[in-house]
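# Working through the structure, step by step
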Amino acid sequence: MRPVDSKYPVTLGYRQKMSSRPDYIHRGIDFGCPTGTSVRATVAGTVVHAGRGGMGVAFGIHVVLKSQGIYHIYAHLSAESVYTGQPIKMGQILGKSGQTGNATGPHLHYGEFTAYSYTADRKPEFLDDQAAAPKPKPSGTWFTLCLWPLAGFDKDYGQAHWNTNEQKIVDEIKRIGADVYCLTEVPEPRRDEFGAKLTKAAYHLAISKDGRSIVTRKGMKVGRTKVVTLAEDGPANDDKQVVLAEVWPSSSPNAAIIAAGHLEYRDGDKYDTTRVTQAKQEIVAAEAFAKVCDVPSDRIFYGDDDNSAAWVLEKAYEPTRVDAFDQAITSSSRAFSSICGWSGSAPKGPRTDHVKVHRDRPVVKATQSTTTAKKKLSNHLPTIVVVGKK
């Protein structure tokens, strides 16, 4: 359970970077709550410390609970209401939040440790009410979505390589056999030829603009489509598009909204602001488009070449939650289940592709596929998500 009421948001996540202290490792979670807020035990255990000192003067007044070999800290309190050696039940009040120790404002710092040491931290495993709610169980497969950024072929760069391998790419699309594809970096000059080859392979190029493309299986109904241009406020002044399509997967009477996007690609911290802005704009645009199409938000699916380290995108997708994008194959978050695809090396850390699925929508399976072509067609792997019915 949460240590404070769910109305108090997470203001700094586990190991999330601080703009004011980029080299600081934040080994817990901060909850923004006023002084005097009741702080409750997330687990049943025994108090091993209550007061100042303990695990460090920086924590001010803090309580440490030991439960099944794990130490749980509740720090920066204004007062503790328990004593060392006291047995504690889950949900029992331990004290009141405050601003003691090294704290710039009233909040609760919560952390979990595998030993009685500040450096033995682990990702907190508490569950709030929303996360603890059972996820809907799939009652079958709705459709299969594949994200495949075809890096290196956009615009004029790599044109000759594309021309040589275009049919192989179409063959891979047919082999994978997904119902819907989000592709990026399809050369604009080859759009019509590519579309014609897809048609022969029983697929349809539903929409394509500046390399961002949505491909659907032949016979799948496609309704409205839209192109959205994202912000050009970064140092690169590099405009990016997102393409949106209203589709009816399989025989379901329900429509889905598919978004295929490509965020700012240049490396470096100075471009992260642009990526976060673009990601937020994509969500706003997709939700507005879904509203026009009368499609609920749990039927919006994003397939993006994000070009970002995970912690950067948390600012866009999950500003009040913890490690929504932690490089795991399935990672739950407030709004999305993030399916992480290819992760490569960049000077500033990993750059990732993600399929974002609303957390209320079950995912039956998530995998990555290697291509069967002898020559590498892209330095990204296809990320395949089997979407379940509710």
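Predicted, not measured: the structure shown is a model, and the values here were computed from it. (Residues numbered from 1 in each chain as written. Predicted model: local features only at pLDDT ≥ 70, side-chain atom pairs only at ≥ 80, totals over all residues. Heavy atoms only, no water.)

### Some details on the confidence of the model for the chain
When pLDDT is averaged across the chain, the result is 79; 75% of the residues are at 70 or more. Per-residue pLDDT stays below 50 along residues 127-136; that stretch engages in 15 contacts with residues further than four places along the chain or on separate chains. Below a pLDDT of 50 lies the segment residues 319-338, which in the model reaches 82 contacts outside its immediate sequence neighbourhood of four places, other chains included. (pLDDT = per-residue confidence, 0-100. Contact = heavy atoms within 4.5 Å.)

### Digging into the side chain of Ser208
Residue placement: Ser208 occurs in strand β13 (residues 203-209). For Ser208, the side chain forms a polar contact with the side chain of Ser213, separated by 2.7 Å. What Ser208 contacts, discounting residues up to four positions off in sequence, is Arg191 and Ser213. (Helix = DSSP H or I, 4+ residues; strand = E, 2+ residues; numbered from the N terminus. Polar contact = N/O pair within 3.5 Å; in protein donor to acceptor, adjacent residues only side chain to side chain.)

### Thoughts on the packing of aromatic side chains
Tallied over the full model, the rule gives 8 aromatic pairs. Both rings, one in Trp142 and one in Phe143, keep their centres 5.1 Å apart while their planes meet at 85°; by these two values the pair is edge-to-face. Here Trp142 matches Phe143 in class, with each residue buried. Here the aromatic rings of Trp142 and Phe301 are separated by 6.0 Å at their centres, their planes lie at 65°, and the arrangement is edge-to-face. Remark: Phe301 occurs in strand β18 (residues 300-308) and Trp142 occurs in strand β11 (residues 141-149); sequence separation between them is 159 residues. Both residues of the pair, Trp142 and Phe301, count as buried. Taking the ring centre of Tyr118 as reference, the NZ or CZ of Arg27 above it sits at 5.3 Å. Cation over ring: Lys221 sits above Trp248, and NZ or CZ is 4.3 Å from the ring centre. (Phe/Tyr/Trp six-rings, centres within 6.5 Å; stacked < 30°, edge-to-face > 60°. Buried < 20%, exposed > 50% of the residue type's maximum accessible area, 1.4 Å probe, protein only. Lys NZ or Arg CZ within 6 Å of the ring centre and 35° of its normal.)

### Observations regarding the sheet that holds strand β22 (residues 363-368)
Taking strand neighbours across the sheet as the criterion, the 6 strands line up as β13-β14-β12-β11-β23-β22 in an open arrangement whose pairing is mixed. A single partner strand is all that each edge strand has here, and the edge strands are β13 and β22. Neighbour to neighbour, the strand axes of the sheet diverge by 15° on average, direction disregarded. Of the strand pairs in this sheet, strand β12 (residues 180-184) and strand β14 (residues 212-217) are connected by 4 bridges, and their pairing is antiparallel. When the bridges of β14 are listed, Val180 appears paired with Thr216. (Pairing = 2+ DSSP bridges. Axes fitted to C-alpha atoms, helices over the stretch in contact; angles between N-to-C directions.)

### A look at helix α3 (residues 191-200)
When we look at burial in α3, the residues that qualify are Phe194, Gly195 and Leu198. The buried residues of α3 occupy an angular sector of 100° when the element is viewed end-on, so they sit on one face. More than 90 degrees from the buried face of α3, the exposed residues found are Asp192 and Lys200. Where α3 ends, the next residue or the one after it, Ala202, has phi of about 70°, a positive value. (Arc of directions from axis to C-beta.)

### Structural notes on the pairing of strand β5 (residues 61-67)
Summarising burial for β5: 6 of the 7 residues are buried, a large majority. Summarising the sheet, strand β4 (residues 45-51) and β5 pair through 5 bridges and their orientation is antiparallel. Along β5, the bridge assignment pairs His49 with Val64. Pairing analysis gives 6 bridges linking β5 to strand β6 (residues 70-80), with the strands arranged antiparallel. In the strand pairing of β6, Ile61 is matched with Leu77. Hairpin remark: β5 followed by β6, antiparallel, with 2 residues in the connecting loop; positive phi at Gln68, about 55°.

### Brief notes about the pattern of salt bridges
Overall, the coordinates contain 10 salt bridges when judged by the stated rule. Among the ionic pairs, Glu166 bridges to Arg190, the shortest N-O distance being 2.6 Å. Of this pair, Glu166 sits in helix α2 (residues 159-176) while Arg190 sits in the loop between β12 and α3; the two residues are 24 residues apart in sequence, bridging distant segments of the chain. The same class applies to Glu166 and to Arg190, which are both buried. With a closest N to O distance of 2.9 Å, Asp304 and Lys356 form a salt bridge. Of this pair, Asp304 sits in strand β18 while Lys356 is found in strand β21 (residues 351-358), placing the two residues 52 residues apart along the sequence. When sorted by exposure, Asp304 lands in the same class as Lys356, which is buried. (Salt bridge = Lys/Arg side-chain N within 4 Å of Asp/Glu carboxyl O.)

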